[in-house]
Amino acid sequence: MGFIKVLLPCILSISFFTFAHAATFDITNRCSYTVWAAASPGGGRRLNSSQSWQINVSSGTVGRIWGRTNCSFDGSGRGQCETGDCNGLLECQASSRPPNTLAEFALNQLNNLDLFDISLVDGFNIPIEFSPTTDVCRGVKCTGRINEECPDELRAPGGCNNPCTVFGTNEYCCTDGSGTCPPTEYSRFFRERCPNAYISPQDGQTSTFTCPASTNYRVVFCP
Ligand SMILES: *[C@@H]1O[C@H](CO)[C@@H](O)[C@H](O)[C@H]1NC(C)=O
Ligand SMILES: *[C@@H]1O[C@H](CO)[C@@H](O)[C@H](O)[C@H]1NC(C)=O
Ligand SMILES: *[C@@H]1O[C@H](CO)[C@@H](O)[C@H](O)[C@H]1NC(C)=O
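About the criteria used
Residues numbered from 1 in each chain as written. Chains lettered and ligands numbered in written order. Predicted model: local features only at pLDDT ≥ 70, side-chain atom pairs only at ≥ 80, totals over all residues. Heavy atoms only, no water. 1 Å grid on protein atoms, 1.4 Å probe; cavity = no way out; pocket = protein on both sides within 12 Å on 5 of 7 lines; lining within 4 Å. Points joined across faces, edges and corners; volume = space filled by probe spheres on them. Helix = DSSP H or I, 4+ residues; strand = E, 2+ residues; numbered from the N terminus. Nonpolar A, V, L, I, M, F, W, Y, C, P; charged D, E, K, R; others polar. Salt bridge = Lys/Arg side-chain N within 4 Å of Asp/Glu carboxyl O. Buried < 20%, exposed > 50% of the residue type's maximum accessible area, 1.4 Å probe, protein only. Near = heavy atom within 4 Å. Polar contact = N/O pair within 3.5 Å; in protein donor to acceptor, adjacent residues only side chain to side chain. Areas by Shrake-Rupley, 256 points an atom, 1.4 Å probe, with all protein chains shown as cover. Disulfide = S-S within 2.5 Å.

**Student:** A description of empty space enclosed by the protein should follow, citing residues and the corresponding values.
**Tutor:** For the structure on display, the rule yields one cavity of 30 Å³ or more. Considering the residues around the largest cavity, the lining is formed by 12 residues, among which P163, Y172, T184, S187 and S200 are closest to the centre. Only helix 4 (170-173) and helix 5 (185-193) provide two or more residues apiece to the lining of the largest cavity. Class assignment for the residues of the lining of the largest cavity results in six nonpolar, five polar and one charged.

**Student:** Any chance you could break down the pattern of salt bridges for me, citing the residues and the numbers?
**Tutor:** This structure, assessed with the given rule, holds six salt bridges. A salt bridge links E149 to R145; the nearest nitrogen and oxygen atoms lie 3.3 Å apart. Owing to a relative accessible area of 37%, E149 belongs among the partly exposed residues under this scheme. On the accessibility criterion, R145 (48% relative accessible area) is partly exposed. Of the charged contacts, one joins R193 and E149 as a salt bridge, the two residues approaching to 2.8 Å between their closest N and O atoms. Here E149 lies in helix 2 (residues 146-149) and R193 lies in helix 5, a separation of 44 residues in the sequence. Here the residues in one salt-bridge network are R145, E149, E192 and R193, joined through shared partners.

**Student:** Pulling in residues and values, what's your account of the site of ligand 3?
**Tutor:** What surrounds ligand 3 is the set Y33, N70 and E82. At 2.2 Å from an oxygen atom of ligand 3 is found a side-chain nitrogen or oxygen belonging to N70. Protein coverage of the free-state accessible area of ligand 3, which is 360 Å², stands at 38%.

**Student:** Describe the site of ligand 2, listing the residues and the values that go with them.
**Tutor:** Inspection of the region around ligand 2 gives T24, Q54 and N56 as its neighbouring residues. Between a nitrogen atom of ligand 2 and a side-chain N or O atom of Q54, the distance comes to 2.9 Å. Between ligand 2 and the protein, one listed contact pairs an oxygen atom with a side-chain N or O atom of N56 at 2.5 Å. Here ligand 2, which alone exposes 360 Å², has 30% of that area covered by the protein.

**Student:** How would you summarise unusual backbone geometry if you had to cite specific residues and measurements?
**Tutor:** The step from S40 to P41 runs through a cis peptide bond, and the omega angle for that step is 0°. Mapped onto the elements, P41 comes out in the loop between strand 2 (35-40) and strand 3 (43-47). The phi dihedral of N70 falls on the positive side, at around 50°, and the residue is not glycine. Tracing the backbone shows N70 in strand 5 (residues 62-73).

**Student:** Give a detailed account of the state of the cysteines, specifying residues and quantitative values.
**Tutor:** Applying the stated criterion to the full structure yields seven disulfides. C71 shares a disulfide with C81; S-S distance 2.1 Å. One disulfide, between C71 and C81, carries an S-S torsion of 105° and so falls in the right-handed class. On the criterion of sequence distance, the pair formed by C71 in strand 5 and C81 in strand 6 (residues 79-83) is long-range, its members being 10 residues apart. Each member of the pair C71 and C81 is classed as buried. Between the sulfur of C150 and that of C160 lies a disulfide, 2.1 Å long from S to S. Given an S-S torsion of about 80°, the disulfide between C150 and C160 has right-handed geometry. You can see C150 sitting in the loop between helix 2 and strand 11 (155-156) and its partner C160 sitting in strand 12 (residues 159-160), a full 10 residues away along the chain. Each member of the pair, C150 as well as C160, carries the same accessibility label: buried.

What follows is the structure, encoded as structure tokens:
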């Protein structure tokens, strides 16, 4: 989430002058269980095991994709999910309630690059892969045993919280702007299991990936 806050003002000014190429995201559920995929922008869709959903996202978009578990919705698309819930709507309009693993992206930014990451800033619920569908650039996976091995203090139904969500202190949230928060036992727990994920604001660039603008992507739940 960090790079998105920093870049948002630039993004807003640049996107007015950029032609609108769309990027295609193929979202697939390889989990043994049902996942209710969510995208902002984009909405949401139930994905039974092995089903896919395709969305097209316009150039300049800053967005996120995540999965929800154990949902139930009525015929009008209202209900709730155990993890990743977005105000009880099947078709998400805003962001979600932690814990949930996030695939974040900002398309066609400076130097015509897409920026993307897998963020655990809102905790973890489902293993995710976020990769280009071509091989000119690298993707990222977060598949460690985080739910199974989650410390008791961070455990939540269906997921594992980021310590910032639970404790709210600068030690874990690193919000004082010093940029020097040292690793904690919790950040090490997540880092060991998902070395390339964006875990806290001091991660900066090391967990942000880039691909040329106009790349298409796949997001896989339980890759
Ligand atoms: C997903 O599975 C449920 C339960 O088996 C079934 O009712 C539903 O039709 C399936 N959805 C799709 C889109 O195949
Ligand atoms: C996304 O864009 C591609 C390429 O233009 C098109 O073939 C595909 O049908 C679009 N998918 C959706 C879901 O709109
Ligand atoms: C959904 O909830 C049931 C019952 O509470 C639980 O056994 C199951 O593991 C949950 N499924 C997922 C995917 O979290």
